[in-house]
Amino acid sequence: MSAHESTPIRRSIEVEYWVVDDRGRLVEPGDLVEASPGAEREFVEPLLEIKTTPCESTAELREELYERLEAVLERADERGLGLVPLATPINHGEIADRPSDRTRVQERVIGEDFEYVRHCAGTHIHVEQQPGRAVDQLNTFIALDPALALVNSAPYFRGRNLATGARSKLYRWMAYDDVPHQGRLWPYVDDTEEWTRRLERRYEDFVTAAVDAGIDRSTIRAQFDPESAVWTPVQIRESFETVEWRSPDTALPSQVVRLADRLATVVDRLRGAEVRIEGDAGRVTDEEIVLPTFDAVIEHVNAAIRDGLDADAVRSYLERMGFEVATYEPIAHDIGGRGPVDREAARRLRLEYAERLANDVRRAGRIPSD
């Protein structure tokens, strides 16, 4: 066993779920947040976030996530509630914020388009930074961003078919369209100094926009720092000592853990492999990690959002990058392809997938683990 293989790579998950009552209506989580460590409210009323601690293996990560979900679901069952692993509520009117200065600042900066963000539930995957390889890890995660297609879980927004990855479209192409440096994928970087400069520029842009919107600087700086004021999908997080991937939708826990396992496996591989940017194809092998040009990545990202795994180019790219595409079953492909979905049908879908999540946790099926 090599030295790097003997050193565990810590990874953690943050996943958001809609909370519904027994009629499929969105409701506040109430005391579900007290049912387990890591269960927290999100910035909108009907979302519940469940976080894990940094775990040294996929088996440990899976066990902790499922234990926390089991505790929350037990409490939810007592309350007649369910957790829904859909990236949007499918069809719903306005969704209320929980009052906070942070949300108020964002709303003033983004304006009416901030409403799109309120309809989004996603997953964040953190993987521990590897000493001296943070830039390679960041660039590799940027190249892996089209893997969001593996867990697309809702094609609908307010009842209409928006894109296979509706949440990603809402974030990248609609909510932050007027501030694209905040919400879209950033190009590769050459070194950590370049990353820091980008963060500082974007932070100053954000502060300026907030001041122009009438927010005083002390409020802005109390709620945001350079690291927390951007929503680009791949970030170096010095505060967590991780590289974070924020693109995946919320999805069934088994699929999310599988995805986190693959990211950790790639990071383990890059510790002993050459990483370089070359051509348009991309590939991951035991000896090297070849990242395609950023323009090629963006083409795959856009296809992943529009068409998901129906895009043959996306499937073949992800296979070259080491994903076992056939082992994923994106919910968006199961519920897509229909016409407008009215609110009653949306409530039925939320109830159906709340039950599927509960079954996924009960079944606790085995997944590949390190």
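Everything discussed here concerns the structure shown above.
Only a predicted model underlies this, so the values are computations on that prediction, with no experimental measurement involved. Within every chain, residues take consecutive numbers counted from 1 along the sequence as written. Predicted model: local features are reported for residues with pLDDT of at least 70 only, side-chain atom pairs are reported and counted for 80 or more only, and whole-chain, interface and lining totals are derived from all residues. To get the side-chain values, all heavy atoms of the structure are used, and hydrogens and water are removed first.

Overview of empty space enclosed by the protein
In this analysis, the protein atoms alone were mapped onto a 1 Å grid. Cavities are point sets where a 1.4 Å probe fits without being able to get out; pockets are open sets with protein on both sides within 12 Å along at least five of seven lines; lining residues have an atom within 4 Å of a point. Grid points are joined across faces, edges and corners, and a volume is the space filled by probe spheres set on the points. Counting across every chain of the model gives 1 cavity of 30 Å³ or more. Its boundaries defined by the atoms lining it, the largest cavity holds a volume of some 30 Å³. Taken together, Val151, Asn152, Ser153, Ala251, Leu252, Gln255, Glu329, Pro330 and Ile331 make up the lining of the largest cavity. Its residues assigned to classes, the lining of the largest cavity shows 5 nonpolar, 3 polar and 1 charged. Classification convention: Asp, Glu, Lys, Arg as charged; Ala, Val, Leu, Ile, Met, Phe, Trp, Tyr, Cys, Pro as nonpolar; all other residues, Gly among them, as polar.

Thoughts on a negative patch on the surface
A cluster of acidic side chains, namely Glu56, Glu60, Glu63, Glu67, Glu70, Glu74 and Asp77, defines a negative patch on the protein surface. Under the DSSP-based scheme used, a helix requires at least four consecutive residues in state H or I and a strand at least two consecutive residues in state E, with every element numbered from the N terminus. Counting through the fold element by element, Glu60 comes out in helix α1 (residues 58-79). Nonpolar side chains (Val, Leu, Ile, Met, Phe, Trp, Tyr) are joined into patches within 5 Å and like charges within 9 Å, using only residues with over 30% relative accessible area and no salt bridge. In this description, accessible areas are obtained by the Shrake-Rupley approach with a 1.4 Å probe, and a residue is regarded as covered only by the protein chains that are shown. A carboxyl oxygen of Asp or Glu within 4 Å of a side-chain nitrogen of Lys or Arg is what we treat as a salt bridge. Only four residue types enter the tally: Lys and Arg on the positive side, Asp and Glu on the negative side; His and the chain ends are excluded. To locate a charge, take NZ of a lysine, CZ of an arginine, CG of an aspartate or CD of a glutamate.

Considerations on helix α9 (residues 253-270)
By this rule, a helix spans an expected 1.5 Å times one less than how many residues it contains. Between its first and last C-alpha atoms α9 spans 26 Å; for 18 residues at 1.5 Å apiece the expected length is 26 Å, and the two agree. Classification of residues uses two cut-offs on accessible area relative to the type maximum, computed with a 1.4 Å probe and protein chains only: under 20% is buried, over 50% is exposed, and between them is partly exposed. Of all 18 residues in α9, 15 are buried, a share of seventy percent or more.

Notes on the layout of surface pockets
One simple way to see leftover space: roll a probe sized like a water molecule over the atoms. The space that makes up the largest pocket amounts to roughly 890 Å³. Around the largest pocket sit 38 residues that line it, and Glu42, Arg102, His124, Trp231 and Arg246 are the ones nearest its centre. For the lining of the largest pocket, the secondary structure elements donating two or more residues are β1 (11-20), β2 (39-41), β3 (47-51), α2 (101-110), α3 (114-117), β5 (123-128), α5 (166-175) and β8 (234-237). Considering every element that reaches the lining of the largest pocket, the biggest residue donor is α5, with 4 residues.

So, the sheet that holds strand β11 (residues 283-284)
Each pair of strands is called paired provided DSSP finds at least two bridges between the two strands. The 3 strands are arranged β10-β12-β11 in an open sheet whose pairing can be described as mixed. The open sheet terminates on both sides in strands that have one partner only, identified here as β10 (274-277) and β11. Pairing analysis gives 2 bridges linking β11 to strand β12 (residues 288-291), with the strands arranged antiparallel. Counted as the bridge partner of Arg283 is Val290 from β12. Two residues form a contact once any of their heavy atoms are found within 4.5 Å. Angular values range over 0 to 180 degrees, each being the angle between N-to-C directions of two axes fitted as lines to C-alpha atoms, with helices fitted over their stretch in contact. Against the sheet, helix α4 (residues 134-143) engages β10 and β12, with an angle of about 60° to β12.

Some points on the environment of His126
Relative to the helices and strands, His126 is located in strand β5. Of the residues examined, His126 reaches a relative accessible area of 3% and is grouped as buried. Considered as a pair, His126 and Leu309 are 183 residues apart in the sequence and their alpha carbons are 24 Å apart. When residues no more than four places from it in sequence are discounted, the contact partners of His126 are Arg10, Arg11, Ser12, Glu14, Arg237, Phe240, Thr242, Val243 and Glu244. Under the rule applied, a polar contact is a pair of N or O atoms within 3.5 Å (in protein, one hydrogen donor and one hydrogen acceptor; residues adjacent in sequence only if both atoms are side-chain atoms). Polar contacts involving the side chain of His126 include one to the side chain of Thr242, which spans 2.8 Å.

Notes on the packing of α5 against helix α10 (residues 294-306)
Packing of α5 against α10 brings their axes to within 9 Å, and their N-to-C directions diverge by 130°. By the angle between their directions, the pair α5 and α10 is classed as oblique. As for the relative orientation of α5 and α10, their crossing is left-handed in sense. Of α10, the residues touching α5 (which contributes Ser168, Lys169, Arg172 and Trp173) are Val301, Asn302, Ile305 and Arg306. In these notes the angle categories are as follows: under 35 degrees is roughly parallel, over 145 is roughly antiparallel, 65 to 115 is roughly perpendicular, and the rest is oblique. Handedness of each helix crossing follows the sense of rotation of the near helix against the far helix: counterclockwise by less than a right angle gives left-handed, clockwise gives right-handed.

Remarks on the pairing of β1
Strand residues, when the strand is regular, have side chains that alternate between the two faces of the sheet. Counted residue by residue, β1 has 10 buried out of 10 residues, so it is predominantly covered. What you see with β1 is no split at all: Arg11, Ile13, Val15, Tyr17 and Val19 on one side and Ser12, Glu14, Glu16, Trp18 and Val20 on the other are buried throughout. Both β1 and β5 contribute to a ladder of 5 bridges, which runs antiparallel. In the strand pairing of β5, Ser12 is matched with His126.

What to know about the nonpolar core
If you look at the biggest cluster of nonpolar residues, it comprises 114 residues, and the most contacted ones within it are Leu83 and Phe323. The contacts of Leu83, once residues within four sequence positions are left out, are Tyr17, Trp18, Val19, Leu32, Leu48, Ile50, Leu69, Val72, Leu73, Tyr353, Ala354 and Leu357. The term nonpolar core refers to a set of buried residues drawn from Ala, Val, Leu, Ile, Met, Phe, Trp, Tyr and Cys, joined through side-chain atoms within 4.5 Å. Phe157, Ala166, Leu170 and Met174 belong to the second-largest nonpolar core, a separate cluster that totals 6 residues.

Side note on the packing of α10 against helix α11 (residues 312-320)
Where α10 contacts α11, the axes come no closer than 9 Å and their chain directions differ by 120°. For the element pair α10 / α11, the angle class is oblique. Here α10 runs over α11; the crossing is left-handed. Counted together, Val297, His300, Ala303 and Ala304 of α10 and Ala313, Val314 and Tyr317 of α11 form the full contact between these two elements. Partitioned by chemical class, the residues of the contact of α10 with α11 number 6 nonpolar, 1 polar and no charged.

Observations regarding α4
Within α4, 9 of the 10 residues are buried, leaving the element largely enclosed by the surrounding structure. Three or more residues of α4 are buried, namely Ala134, Val135, Gln137, Leu138, Asn139, Thr140, Phe141, Ile142 and Ala143.

A look at the pattern of salt bridges
Tallying each qualifying case throughout the model produces 33 salt bridges. Between Glu344 and Arg348 there is a salt bridge, with its nearest N and O atoms 4.0 Å apart. Of this pair, Glu344 and Arg348 are both found in helix α13 (residues 343-363), 4 residues apart, which corresponds to roughly one turn of the helix. A relative accessible area of 51% means that Arg348 is categorised as exposed. With a shortest N-O distance of 3.0 Å, Arg356 and Glu352 are connected by a salt bridge. Here Glu352 and Arg356 lie together in helix α13, a separation of 4 residues that amounts to about one turn. The exposure class assigned to Arg356 is partly exposed, which follows from its relative accessible area of 36%. For Glu352, a relative accessible area of 35% puts it in the partly exposed group. Bridged by salt links that share partners, the residues Asp97, Glu107, Glu115, Arg118 and Arg158 form one connected network.

Just distances and angles here, no functional claims.
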